[in-house]
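Spelled out from the first residue to the last, the chains are:
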Amino acid sequence: MSAAAQAKDWQRLAAEGLAGLSPTSLPSAELLYLDGLAVYLMGPEAPESPFTIEQGSVVVGHLLRSLVDSSNLELDDEPQSSPSMAEAREAIVEGAHLFAVRGVPGVKQLVNRFLAAAVGELEIHKESAEAQTRSLFYYGLLAIASGPDNALSQSAANGIIDLFDAWDAQIGAGFVPPWRLVQSS
């Protein structure tokens, strides 16, 4: 497959992921994105400063893959939702659908909006992989929730932080994503 065909393929898949995001698949997308960020930023091959567009692209790729893969994952255990989290999730799904209506140009708009922020947040929080993870989780979902018109209520934005805090607390209490469970024989 040529480079041009591969570029169009990931853009098509991302548009489909945005279009297919639903209230039931969003918690899976959140967890997939958080897990991808944590592995990338806290793993043995974590990126180092000075941060580059390529490293920001990896972060954006985690966000887009989480949308695409979320429909294939069913969670039995997700954090208890609060009103702010519910508002944030509603905004994320709505924003995703608004980007999807634009097709590939909507995907490009989302990527362009988030990519520069991702590189900046990596650099701003370079002393703490945990802070990078929190910030990138927030800004990635914020970029989607804001939709193509870049508009979002403050309470929905606050709800995205609440989503991170809820997942962080659940993982801290011992929750392990299903794909991280080791089966004993």
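Rules and cut-offs
Residues numbered from 1 in each chain as written. Predicted model: local features only at pLDDT ≥ 70, side-chain atom pairs only at ≥ 80, totals over all residues. Heavy atoms only, no water. Helix = DSSP H or I, 4+ residues; strand = E, 2+ residues; numbered from the N terminus. Rg over C-alpha atoms; globule rule 2.2 N^0.38 Å. Buried < 20%, exposed > 50% of the residue type's maximum accessible area, 1.4 Å probe, protein only. Contact = heavy atoms within 4.5 Å. Lys, Arg positive; Asp, Glu negative; His and termini not counted. Charge placed at Lys NZ, Arg CZ, Asp CG, Glu CD. Core = buried A, V, L, I, M, F, W, Y, C linked by side-chain atoms within 4.5 Å. Phe/Tyr/Trp six-rings, centres within 6.5 Å; stacked < 30°, edge-to-face > 60°.

1. Thoughts on the overall build of the protein chain
- Counting secondary structure elements, the protein chain contains seven helices and zero strands.
- For the protein chain, the succession of helices and strands along the chain, N to C, is α-α-α-α-α-α-α.
- Computed over its C-alpha atoms, the radius of gyration of the protein chain comes to 16 Å, within 12% of the 16 Å expected for a compact globule of 185 residues.
- Taken along its principal axes, the extent of the C-alpha atoms in the protein chain is 45 × 40 × 35 Å.
- When the 185 residues of the protein chain are sorted by exposure, 47% land in the buried category.
- For the protein chain, long-range pairs separated by at least 24 residues make up 81% of all intrachain contacts whose partners lie at least 6 apart in sequence.
- Positive and negative side-chain charges in the protein chain, numbering 10 and 23 respectively, have mean positions lying 9 Å apart.

2. A short note on the nonpolar core
- With 54 residues, the main nonpolar core has Val59, Ile92, Phe114, Leu136 and Phe137 as its most contacted residues.
- The set of elements that each furnish at least two residues to this core consists of helix 1 (3-20), helix 2 (26-42), helix 3 (53-69), helix 4 (83-101), helix 5 (104-124), helix 6 (129-145) and helix 7 (154-172).
- If we skip the residues at most four places from it in the chain, Phe137 touches Glu30, Tyr33, Leu34, Leu37, Ile160, Leu163, Phe164 and Trp167.

3. Here we look at the packing of aromatic side chains
- The full count for this structure, using the stated rule, is four aromatic pairs.
- Ring geometry for Tyr33 against Phe137: centres 6.0 Å apart, planes inclined by 20°, an arrangement best described as stacked. Of this pair, Tyr33 sits in helix 2 while Phe137 sits in helix 6, and the two are 104 residues apart along the sequence. Per residue, the accessibility class of Tyr33 equals that of Phe137, and both read buried.
- Their ring planes at 75° and their centres at 5.0 Å tell us that Tyr138 and Tyr139 sit as a pair that is edge-to-face.
- When its relative accessible area of 16% is taken as the criterion, Tyr138 is described as buried.
- Every member of this aromatic cluster is reached through a ring pair, and the members are Tyr33, Phe137 and Phe164.

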